[in-house]
Amino acid sequence: MAHNEGPLVKLSDSSFILEDPDQDLRGLDVYDGDGEKVGIVEDFYVDGEERKVRFLEVAAGGFLGIGKKHVLIPLEAVTDASENRVSLDQSRTRVMGAPDLHVDTAPTADYLRDVYGYYGYPPPLGAPF
């Protein structure tokens, strides 16, 4: 189980619930702007103070669970979310090169700032990192 010592908490490790069940993207396939499959939404990371989802945790790449990596993708990168897929404004190559998420520990503030910078977004105003 993850240690909740960082500025964000994993939704599945918390008592938080999404306001609208239709917003739950976990289990959906993630595609880049060219329609290439990137991975699957595994979970969300939530700002506990503001109670806002900040990141998608995506399991990307790999085959039959081998070589899979976990990355965080800022919610700002999501261009569309429907019943069966999530689309991003980032390329599959870009996502695969993102800093690895270590799923057994809470992400640090420095890591979260690095992820926003990597994808070319400023951290949101009021974010705890």
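See the structure printed just above.
Each value, and the rule that gives it
- Residues numbered from 1 in each chain as written.
- Predicted model: local features only at pLDDT ≥ 70, side-chain atom pairs only at ≥ 80, totals over all residues.
- Heavy atoms only, no water.
- Pairing = 2+ DSSP bridges.
- Helix = DSSP H or I, 4+ residues; strand = E, 2+ residues; numbered from the N terminus.
- Buried < 20%, exposed > 50% of the residue type's maximum accessible area, 1.4 Å probe, protein only.
- Contact = heavy atoms within 4.5 Å.
- Polar contact = N/O pair within 3.5 Å; in protein donor to acceptor, adjacent residues only side chain to side chain.
- Arc of directions from axis to C-beta.
- Phe/Tyr/Trp six-rings, centres within 6.5 Å; stacked < 30°, edge-to-face > 60°.
- Salt bridge = Lys/Arg side-chain N within 4 Å of Asp/Glu carboxyl O.

Caption draft 1: Examining the pairing of strand 6 (residues 78-81) more closely. Looking at chain direction, strand 6 and strand 7 (residues 85-88) are connected through three bridges and run antiparallel. Counted as the bridge partner of A81 is V86 from strand 7.

Caption draft 2: Quick look at the environment of K10. With respect to the helices, strands and loops of the structure, K10 is situated in strand 1 (residues 8-10). Look at K10 and you get buried, because its relative accessible area is 13%. K10 sits 96 residues away from A106 along the chain, and the two C-alpha atoms are 8.1 Å apart. The contacts of K10, once residues within four sequence positions are left out, are D43, F44, Y45 and E57. A distance of 3.3 Å separates the side chain of K10 from the side chain of E57, its partner in a polar contact.

Caption draft 3: Quick look at helix 2 (residues 109-119). Along helix 2, the residues classified as buried are Y111, L112, V115, Y116, Y118 and Y119. Projection of helix 2 onto a plane perpendicular to its axis shows the buried side chains occupying an angular sector of 160°, all on one side. Exposed side of helix 2, more than 90 degrees from the buried face: D114 and G117 are the residues found there. Looking at the buried side of helix 2, the elements it contacts are strand 1, strand 4 (52-60), strand 5 (69-74) and helix 1 (92-96). In the segment just after helix 2, G120 is the residue with positive phi, at about 85°.

Caption draft 4: Structural context of the environment of A106. Summarising the element assignment, A106 is placed in the loop between helix 1 and helix 2. Classification of A106 by relative accessible area gives buried; the value is 18%. When the C-alpha atoms of A106 and V9 are compared, they prove to be 7.2 Å apart, with 97 residues separating the residues in sequence.

Caption draft 5: Quick look at the packing of aromatic side chains. According to the stated counting rule, one finds four aromatic pairs in the structure shown. Relative to F129, the ring of Y116 lies with its centre 5.8 Å away and its plane at 20°, an arrangement referred to as stacked. Separated by 13 residues along the polypeptide, Y116 in helix 2 and F129 in the segment after helix 2 bring together distant segments of the chain. The exposure classification of Y116 matches that of F129, with both residues buried. Their ring planes at 85° and their centres at 5.1 Å tell us that Y118 and Y119 sit as a pair that is edge-to-face.

Caption draft 6: Molecular detail of the pattern of salt bridges. One pass over the full model with this rule turns up ten salt bridges. Between K52 and E50 there is a salt bridge, with the nearest N and O atoms lying 3.6 Å from each other. A relative accessible area of 43% places K52 in the partly exposed class. By sharing partners, the salt bridges in this structure join D47, E50, K52 and R54 into a single network.

Caption draft 7: Broad picture of the side chain of R54. With respect to the element layout, R54 can be found in strand 4. Within the local environment of R54, its side chain forms a polar contact with the side chain of E50, the two groups lying 3.2 Å apart. Every residue in contact with R54, bar those within four places of it in the chain, is listed here: L8, Y45, D47, I73, P74, L75, E76, Y116, P124 and A127.

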